[in-house]
Amino acid sequence: LVQAEERYRRSLREAPDNVFGLVGLGRCQVLQEKFPEALGTLRKATQADPKSGWAWLFLARTGSDAAEHASEKADPDATPPSDTLDAARRAQALL
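Cut-offs applied
- Residues numbered from 1 in each chain as written.
- Predicted model: local features only at pLDDT ≥ 70, side-chain atom pairs only at ≥ 80, totals over all residues.
- Heavy atoms only, no water.
- Helix = DSSP H or I, 4+ residues; strand = E, 2+ residues; numbered from the N terminus.
- Buried < 20%, exposed > 50% of the residue type's maximum accessible area, 1.4 Å probe, protein only.
- Axes fitted to C-alpha atoms, helices over the stretch in contact; angles between N-to-C directions.
- Parallel < 35°, antiparallel > 145°, perpendicular 65-115°, else oblique.
- Left-handed = near helix turned anticlockwise from the far one by under 90°.
- Contact = heavy atoms within 4.5 Å.
- Nonpolar A, V, L, I, M, F, W, Y, C, P; charged D, E, K, R; others polar.

Enquirer: I'd like to hear about unusual backbone geometry, residue by residue, with values.
Expert: With glycine set apart, most residues show a phi of negative sign, and most peptide bonds adopt trans. Backbone geometry places Glu33, a non-glycine residue, at a positive phi of 60°. Within the element layout of this structure, Glu33 appears in the loop between α2 (19-31) and α3 (35-48). Assessed through its relative accessible area of 48%, Glu33 is described here as partly exposed.

Right under this line is the structure:
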């Protein structure tokens, strides 16, 4: 995963708004449980291409995963980020 993340980062240096690169990087970050970074990366993907249903879907899923991960760690404030439901609705409308 570390190598994949670095490859995505290298490709994004050349094309920083490439939605496929951003989504790929975000997914690598999720698999490494880097949820805050992944949420930021996936938000950037939705800004780069607001019509990408996949970017919205992965943003919604990552928000949910982040909250679940926090609740497993007994975080009393474990709630999905505020944009999770909106991201899910946008993904549903686009896919």
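Right, picking up where we left off after that structure.
Enquirer: Would you mind going over the packing of α3 against helix α4 (residues 53-72) in detail, with residue names and values included?
Expert: For the pair α3 and α4, the least separation of the axes is 9 Å and the interaxial angle reads 160°. Judged on the interaxial angle alone, α4 and α3 are roughly antiparallel. Like other packed secondary-structure pairs, α3 and α4 cross with a definite hand, here left-handed. Contact residues: α3 offers Phe35, Ala38, Leu39, Leu42, Arg43, Ala45 and Thr46, while α4 offers Ala55, Trp56, Phe58, Leu59, Thr62, Gly63, Asp65, Ala66 and His69. Class assignment for the residues of the contact of α3 with α4 results in 10 nonpolar, 4 polar and 2 charged.

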